[in-house]
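What follows is each chain in one-letter form.
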Amino acid sequence: QVQLVESGGGLVQPGGSLRLSCAASVNIFRINTMGWYRQAPGKQRESVATITVAGTTTYEDSVKGRFTISRDSDKNTLYLQMNSLKPEDTALYLCKATTYKDYWGKGTLVTVSS
């Protein structure tokens, strides 16, 4: 059983930065893969970035070079550093953890607007 709580979302201007956090209820090295997903109004949920226990990362093409996924094992927390934000990044960002099954957080809203 894994509980995930996201935080760090908010309103930011285009070109600005935010850091999202996902606090897990268990040691994150027990989790095979963690990732950030997003869902904008009227659009399908999409993978933004993932990281495995081995440290292997993946990124959606549109965020490469702008977003960085990382983890802090001491805090059992997953992060998403988002730089050079664009209006099209506006979405509900959700944290996902995969062990023998998938676990999802409730999400944190990110709004990029001037």
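In this report, we go over the structure that sits alongside the text. Sequence order as written defines residue numbering, which begins from 1 separately in each chain. Only residues with pLDDT of at least 70 get local features here, since the model is predicted, and only at 80 or more are side-chain atom pairs given and counted; chain-wide, interface and lining totals rely on the full set of residues. The basis for every side-chain value is the complete set of heavy atoms in the structure, and neither hydrogens nor water enter the calculation.

## Some details on the packing of aromatic side chains
Right, on to step 1. Two aromatic rings from Phe, Tyr or Trp, using only the six-membered ring of Trp, form a pair when their centres are within 6.5 Å; if the ring planes differ by under 30 degrees the pair is stacked, by over 60 it is edge-to-face, and anything between is tilted. Here the structure, examined in full by the defined rule, presents one aromatic pair.
Right, on to step 2. Considering the side-chain rings of Tyr37 and Trp104, the 5.0 Å spacing of their centres and the 65° angle between planes classify their relative orientation as edge-to-face. Here the residue Tyr37 occupies a position in strand S4 (residues 33–39), and Trp104 occupies one in strand S10 (residues 102–104), the gap between them amounting to 67 residues.
Right, on to step 3. Each residue is assigned to one of three classes by its accessible area relative to the maximum for its type, calculated with a 1.4 Å probe on protein chains only: buried under 20%, partly exposed between the two thresholds, exposed over 50%. Taking relative accessible area as the criterion, Tyr37 reaches 15% and is therefore assigned buried.
Right, on to step 4. In this structure Trp104 comes out as partly exposed when scored by relative accessible area, which is 33%.
Right, on to step 5. By definition, being over a ring means that NZ of Lys or CZ of Arg is both within 6 Å of the ring centre and within 35 degrees of the ring normal. Over the ring of Trp104 we find Arg45, and its NZ or CZ is 4.6 Å from the ring centre. Helix and strand labels come from DSSP, where a helix needs a run of H or I of at least four residues and a strand needs a run of E of at least two; each type is numbered from the N terminus.

## Structural notes on the pattern of salt bridges
Right, on to step 1. Throughout this description, the term salt bridge denotes a Lys or Arg side-chain nitrogen within 4 Å of a carboxyl oxygen of Asp or Glu. In total, this model carries five salt bridges according to the counting rule given.
Right, on to step 2. Residue Arg38 pairs with Asp89 through a salt bridge whose shortest N-O separation is 3.0 Å. Taken as a pair, Arg38 in strand S4 and Asp89 in the loop between strand S8 (77–82) and strand S9 (91–98) lie far apart in primary sequence, 51 residues in all.
Right, on to step 3. The class of Arg38 is buried, set by a relative accessible area of 6%.
Right, on to step 4. Across the pair Asp89 and Arg66 runs a salt bridge whose closest N-O atoms are separated by 2.8 Å. Taken together, the residues span a long stretch of sequence, with Asp89 in the loop between S8 and S9 and Arg66 in the loop between strand S6 (57–59) and strand S7 (67–72) at a distance of 23 residues.
Right, on to step 5. We classify Asp89 as buried; its relative accessible area is 1%.
Right, on to step 6. Residue Arg66 is classed as buried on the basis of its relative accessible area, which comes to 10%.

## Overview of the sheet that holds strand S3 (residues 18–24)
Right, on to step 1. DSSP calls a pair of strands paired once it identifies at least 2 bridges connecting them. Strand order in the open sheet made by the four strands is S1-S3-S8-S7, with antiparallel pairing throughout. Of all the strands in the sheet, just strand S1 (4–7) and S7 have a single pairing partner and so form its edges. Between one strand axis and the next, the sheet turns by 15° as a mean value, whatever way the strands run.
Right, on to step 2. Here S7 runs beside S8; their pairing, made up of six bridges, is antiparallel. Directly across from Phe67, in S8, lies its bridge partner Met82. Here the axes come from fitting lines to C-alpha atoms, over the contacting stretch only for helices, and the angles between their N-to-C directions go from 0 to 180 degrees.

## Concerning the environment of Met34
Right, on to step 1. Positionally, Met34 belongs in strand S4.
Right, on to step 2. For Met34, a relative accessible area of 4% translates into the label buried.
Right, on to step 3. For the pair formed by Met34 and Tyr103, sequence separation is 69 residues and the distance between their alpha carbons is 9.4 Å.
Right, on to step 4. Contacts are assigned to residue pairs with any non-hydrogen atoms lying within 4.5 Å of each other. Ignoring sequence-local partners within four residues, the contact set of Met34 consists of Leu4, Cys22, Ala24, Ile28, Ala49, Thr50, Ile51, Ile69, Leu78, Cys95, Lys96 and Ala97.

## A word on unusual backbone geometry
Working note: non-glycine residues mostly have negative phi, and peptide bonds are mostly trans.
Right, on to step 1. With a phi close to 50°, Asn76 is a non-glycine residue in the positive phi region.
Right, on to step 2. Mapped onto the secondary structure, Asn76 falls in the loop between S7 and S8.
Right, on to step 3. Even without glycine at this site, Ser84 takes up a positive phi of about 50°.
Right, on to step 4. Examined against the element boundaries, Ser84 turns out to sit in the loop between S8 and S9.
Right, on to step 5. Taking the relative accessible area as the measure of exposure, Ser84 reaches 40% and is therefore partly exposed.

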